[in-house]
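Here are the chains, one letter per residue:
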Amino acid sequence: MSELVKNILMWLFIAATLFTVFNNFSSEPKSEVISYSEFLSQVESDQVLSVQFENDNYTIKGKTVNDRNFETVKPPFLQDNLSEILRDHRVSVVGEKPEEQSILKQLLVASFPILIILAVFIFLMRRMQGGMSGKSGPLSFGRSKAKMLEGGRVKTNFSDVAGIEEAKEEVQEIIDFLRDPTKFRKLGGKIPTGILMVGSPGTGNTLLSRAIAGEAQVPFFTISGSDFVEMFVGVGAARVRDMFEQAKRQSPCIVFIDEIDAVGRHRGAGLGGGHDEREQTLNQLLVEMDGFEQNEGVIIIAATNRPDVLDPALLRPGRFDRRVTIDNPDLQGRTEILAVHSKGKPIEKQVEMGTIARQTPGFSGADLANLINESALLAARRNGKTIVLSDLTEAIDRVSMGPARKSKPAKVG
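Sequence positions are assigned chain by chain, starting from 1 and proceeding in written order. Totals for whole chains, interfaces and linings use every residue, but because this is a predicted model, local features are given only for residues with pLDDT of at least 70 and side-chain atom pairs only at 80 or more, for both listing and counting. Neither water nor hydrogens contribute to the side-chain values; these are computed over all heavy atoms in the structure.

Describing helix α9 (residues 277-289)
Okay, so step 1: Secondary structure is summarised from DSSP: a helix means a run of H or I of at least four residues, a strand means a run of E of at least two, and numbering begins at the N terminus for each. Multiply 1.5 Å by the residue count of a helix minus one, and that product is the helix's expected span. Taking 1.5 Å per residue, 13 residues should reach 18 Å; α9 reaches 19 Å between its end C-alpha atoms and fits that length.
Okay, so step 2: Burial classification: accessible surface area is computed with a 1.4 Å probe over protein chains only, and a residue below 20% of its type maximum counts as buried, one above 50% as exposed, and the rest as partly exposed. Of all the 13 residues making up α9, 10 are buried; the element is thus mostly covered by neighbouring parts of the structure.
Okay, so step 3: Residues of α9 that are buried: Glu277, Arg278, Glu279, Thr281, Leu282, Gln284, Leu285, Leu286, Glu288 and Met289.
Okay, so step 4: Where α9 is buried, its residues contact α8 (235-249), β9 (253-258), β10 (298-304), α10 (312-315) and β11 (320-326). Whether two residues are in contact is decided by their heavy atoms, any of which lying within 4.5 Å being enough.

This is the structure we're talking about:
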């Protein structure tokens, strides 16, 4: 059961309980209806303690000496000296009930359920809009799902990124601009609005983006391209607007969109044509990146493995006007990456990372990180205190071809 349904049931239960309690307190005690003749006989036998005439002077309510409530109606055509009879038998006569008080009470009783329903409705609307629960609630669809890391909280820097020196040089001026934008403005230079990082999976797109934010010490927003798109039309565009509004308030900052091909594909290919939700999201992204309003100090970095499917309008100068290609590392790069990931691990001194690098052609940065981790697991499995060359060699085979199937005998011939 969802949180919203639980809240609705809880408040309906509270409303029903309060209404029942209010009715019990506001309602008068039940009275026994008796005939007028029986009422007169009880008065004459001194069984009546007090009476009260209603506004019409014909309805009589009273209480007996036994603390029993009763009610009777005096016939309009009957002329008797009831007041003298009551006085002779010392029956206390309570004053007439004011008409205004009765109307006020009726209004309160009648309006109480409406007030409860209105209060529950207002509470639920506030919950839906996220007013009492942050960003949760069905009406908070239009809020951006981007996660923000404040400047200084991103601990990754260029020393953690190895094997992609050319890509690091390409983005170095982004860091210089974020640190000292006047250096470029004096010469009339304009920093690229967006940087598109293209590379195979595991080559370090996300890691390099985090390193840029860590070096520049600025707020870093991160979101996936698929987080923009929902089944409801217009939600993605609203999330794009909200994300850029947040980014402008934190300027200068970096917005990193991972897997942008989920939202940036060629327009016209969707089932809904121009009304497709993904295309409306892309249109809003194009406007925010290079529209009438300038996003000064907001740098968009996006990563994709499929640049061929991106819309041409997204790749034109003024939007993603710089493309950084990140390939699998070469021999020198693999050696540097292995040195980064083996830092702090108990590896035997005789092991040379250059030797391991020569045995891992075509490995990406993620593959090399996995290799070091697998070698540590293999060393722990044999209860070793250090990682030896045989652990690293076996880890290379596990990463590239999978674990050895020792249960099957090798076929000869």
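Overview of the pairing of β10
Okay, so step 1: For β10, a buried count of seven out of seven residues is recorded, marking the element as mostly surrounded by other parts of the structure.
Okay, so step 2: Burial of β10 is two-sided: the residues Val298, Ile300, Ala302 and Thr304 facing one way and the residues Ile299, Ile301 and Ala303 facing the other way are all buried.
Okay, so step 3: One requirement defines pairing of two strands: DSSP has to find at least two bridges between them. Bridge count for β9 against β10 is six bridges, and the pairing is parallel. In the sheet register, Asp258 faces β10, and the bridge partner there is Ala303.

Here's the deal with the confidence of the model for the protein
Okay, so step 1: For the protein, per-residue confidence averages 77 on the pLDDT scale, and residues scoring 70 or more make up 75% of the total.
Okay, so step 2: Each residue gets a pLDDT score, which is the predictor's confidence in that residue and runs from 0 to 100. For the protein, per-element mean pLDDT is lowest for helix α1 (residues 3-26), which scores 65, and highest for helix α13 (residues 365-381), which scores 90.
Okay, so step 3: Ignoring residues within four places in sequence, the model shows residues 97-101, a span with pLDDT below 50, making six contacts including any to other chains.
Okay, so step 4: Per-residue pLDDT stays below 50 along residues 130-139; that stretch engages in 21 contacts with residues further than four places along the chain or on separate chains.

Section: unusual backbone geometry
Okay, so step 1: Its identity as a non-glycine residue notwithstanding, Asp46 has a phi of 60 degrees, on the positive side.
Okay, so step 2: Note that Asp46 resides in the loop between α2 (36-44) and β2 (48-53).
Okay, so step 3: By relative accessible area, which is 47% here, Asp46 ends up partly exposed.
Okay, so step 4: We note that Glu259 has phi near 50 degrees; this positive angle belongs to a residue other than glycine.

Some thoughts on the nonpolar core
Considering soluble globular proteins, one finds that nonpolar side chains tend to be buried as a cluster.
Okay, so step 1: Judged by nonpolar contacts, the single largest core of 28 residues is most densely connected at Val171, Leu178, Met197, Leu208, Ile212, Ile254 and Ile301.
Okay, so step 2: Taken together, the elements giving at least two residues each to this core come down to α5 (165-179), β7 (194-199), α7 (205-216), β9, β10 and β11.
Okay, so step 3: The element that contributes the greatest number of residues to this core is α5, accounting for six residues.
Okay, so step 4: Those residues in contact with Ile212 that lie beyond four places of it in its chain are Phe158, Val171, Ile174, Ile175, Met197, Ile254 and Ile301.
Okay, so step 5: Listed in part, the 25 residues of the second largest apolar core include Cys253, Val263, Leu286 and Ala302. In plain words, nonpolar cores are sets of buried Ala, Val, Leu, Ile, Met, Phe, Trp, Tyr and Cys residues tied together by side-chain atoms within 4.5 Å.

Let's talk about the environment of Val309
Okay, so step 1: As for its position among the elements, Val309 is in the loop between β10 and α10.
Okay, so step 2: With relative accessibility at 10%, the residue Val309 sits in the buried group.

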